[in-house]
Amino acid sequence: MKPPRVHDAFEPPISRESARNASPTGATPGVVSLLKERKEEAEGKLKFRTVTFLGKTRDKAIINHGTPARGRSVNIGKNPSCECGVFALEKIPCGCMLIVCEEAGIDPALLLEARDTAKFWKELYEDLPEIAVPGSEFLAPGQSGLLAPPAKPIAPGRPSTKRIKGAMDKVHKMKASALSSQHE
């Protein structure tokens with residue numbers, strides 16, 4: 001069974017200006033940064049573009065860009081798609097879809113799969129029990145079964161006393177002994 005799409009719960013369209021300036025609501029931080037990157041990249045590539053909407057619903061459009069003008073068909077409705085194929089592969093809106101969403105005044109977060117929303121991940125991890133140490137059921141009633149932090153922090157790197165000597169350690173020891181014998 002497929003998880004429900006965020007797109008199924010359409011909200012009223014937002015204004016074009018707020019769509020241009022706002023980050024997608026409800027998306028995870030990684031997806032938000034990816035969408036911002038894609039939008040900036042698309043705006044750089046598609047400087048000279050025209051968006052023509054097909055119908056009154058403003059969910060299907062043709063975006064013409066470049067010289068000579070090349071057109072891509074973009075659908076941001078119930079079955080989102082784009083001719084570039086990025087959305088079909090990743091299920092994350094491509095730059096063309098982001099530009100059409102901005103022109104239509106629709107939040108691009110509506111095109112995301114449930115797995116890309118913060119709400120999905122919060123609900124997934126909300127009911128997890130606390131992690132306990134194996135065998136904690138045998139502890140005394142007052143003792144905690146949770147892992148305690150270490151008593152003192154462990155220094156980074158390998159310990160200098162109880163370690164296996166490497167080839168360079170032998171070279172350094174020989175150099176040090178040669179230098180000390182010259183000074184005597």
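Now for a look at the structure at hand. (Residues numbered from 1 in each chain as written. Predicted model: local features only at pLDDT ≥ 70, side-chain atom pairs only at ≥ 80, totals over all residues. Heavy atoms only, no water.)

Let's talk about the overall build of the protein
Logical step 1: Along the backbone of the protein there are 6 helices and 4 strands.
Logical step 2: Accessible surface for the protein amounts to roughly 13600 Å². Of this, 60% is attributable to carbon and sulfur atoms. (Helix = DSSP H or I, 4+ residues; strand = E, 2+ residues; numbered from the N terminus. Areas by Shrake-Rupley, 256 points an atom, 1.4 Å probe, with all protein chains shown as cover.)

Here's the deal with the packing of aromatic side chains
Logical step 1: For the structure on display, the rule yields 1 aromatic pair.
Logical step 2: Ring plane angle 85° and centroid distance 5.3 Å describe the contact between F120 and W121, whose orientation is recorded as edge-to-face.
Logical step 3: If you follow R58 out to its NZ or CZ, it ends over the ring of F53, 4.1 Å from the centre. (Phe/Tyr/Trp six-rings, centres within 6.5 Å; stacked < 30°, edge-to-face > 60°. Lys NZ or Arg CZ within 6 Å of the ring centre and 35° of its normal.)

A few points about a nonpolar patch on the surface
Logical step 1: Judged by side-chain polarity, W121, L124 and Y125 come together as a nonpolar surface patch covering roughly 330 Å² of accessible area.
Logical step 2: Structurally, Y125 is set in helix α5 (residues 118-126). (Patch = residues over 30% accessible without salt bridge, like charges linked within 9 Å, V, L, I, M, F, W, Y side chains within 5 Å. Salt bridge = Lys/Arg side-chain N within 4 Å of Asp/Glu carboxyl O.)

Considerations on the sheet that holds strand β2 (residues 60-65)
Logical step 1: The strand order β1-β2-β3-β4 describes an open sheet built from 4 strands, whose pairing is antiparallel. Only two strands of the sheet have a single partner each, and these edge strands are β1 (49-53) and β4 (81-82).
Logical step 2: Taken strand by strand, helix α4 (residues 95-104) contacts β1, β2, β3 (70-75) and β4, and its axis lies near 65° from that of β1. (Pairing = 2+ DSSP bridges. Contact = heavy atoms within 4.5 Å. Axes fitted to C-alpha atoms, helices over the stretch in contact; angles between N-to-C directions.)

Regarding the nonpolar core
Logical step 1: By size, the foremost hydrophobic cluster in this structure holds 19 residues, and its most contacted members are I63, V74, I76, C82, C96, M97 and V100.
Logical step 2: Going through the elements one at a time, β2 and α4 are the ones with two or more residues in this core.
Logical step 3: By residue number, the principal contributor to this core is α4, which donates 6 residues.
Logical step 4: The residues contacting I63, other than those within four sequence positions of it, are L46, R49, T50, V51, R70, G71, R72, V74, C96 and I99.
Logical step 5: In terms of nonpolar packing, the next biggest core, distinct from the first, is built from 8 residues, A27, V32, L35 and L98 among them. (Core = buried A, V, L, I, M, F, W, Y, C linked by side-chain atoms within 4.5 Å. Buried < 20%, exposed > 50% of the residue type's maximum accessible area, 1.4 Å probe, protein only.)

Looking at unusual backbone geometry
Logical step 1: The backbone of R58 shows a phi angle near 60°, a positive value even though the residue is not glycine.
Logical step 2: Secondary-structure assignment places R58 in the loop between β1 and β2.
Logical step 3: Despite not being glycine, K91 shows a phi value in the positive range, around 60°.

Considerations on the pairing of β1
Logical step 1: Alignment of β1 against β2, held across 5 bridges, turns out to be antiparallel. Paired with R49 across the strands is H65, a residue of β2.
Logical step 2: In this structure, the hairpin formed by β1 and β2 is closed by a connection of 6 residues, where G55 is found at a positive phi of approximately 95°.

Section: the pattern of salt bridges
Opposite charge on two side chains allows them to pair when their charged atoms are near.
Logical step 1: Evaluated as defined, the whole model comprises 3 salt bridges.
Logical step 2: Here R115 makes a salt bridge to D116, at a shortest N to O gap of 3.3 Å.
Logical step 3: Take R115: its relative accessible area is 39%, and that puts it in the partly exposed class.

Considerations on the side chain of T28
Logical step 1: Summarising the element assignment, T28 is placed in the loop between α1 (16-21) and α2 (29-45).
Logical step 2: Excluding its chain neighbours within four sequence positions, the residues that come into contact with T28 are D116, T117, A118 and W121.

Digging into the pairing of β2
Logical step 1: Residues of β2 alternate between two faces, with A61, I63 and H65 buried on one and K60, I62 and N64 left unburied on the opposite face.
Logical step 2: Pairing of β2 with β3, which is carried by 6 bridges, proceeds in the antiparallel orientation. Paired with A61 across the bridge in β3 is V74.

Focus: the environment of R49
Logical step 1: As for its placement among the helices and strands, R49 is situated in strand β1.
Logical step 2: When the C-alpha positions of R49 and I63 are compared, they lie 6.8 Å apart, and in sequence the two are 14 residues distant.
Logical step 3: When sequence neighbours within four positions are dropped, the list of residues in contact with R49 reads E43, I63, N64, H65 and I99.

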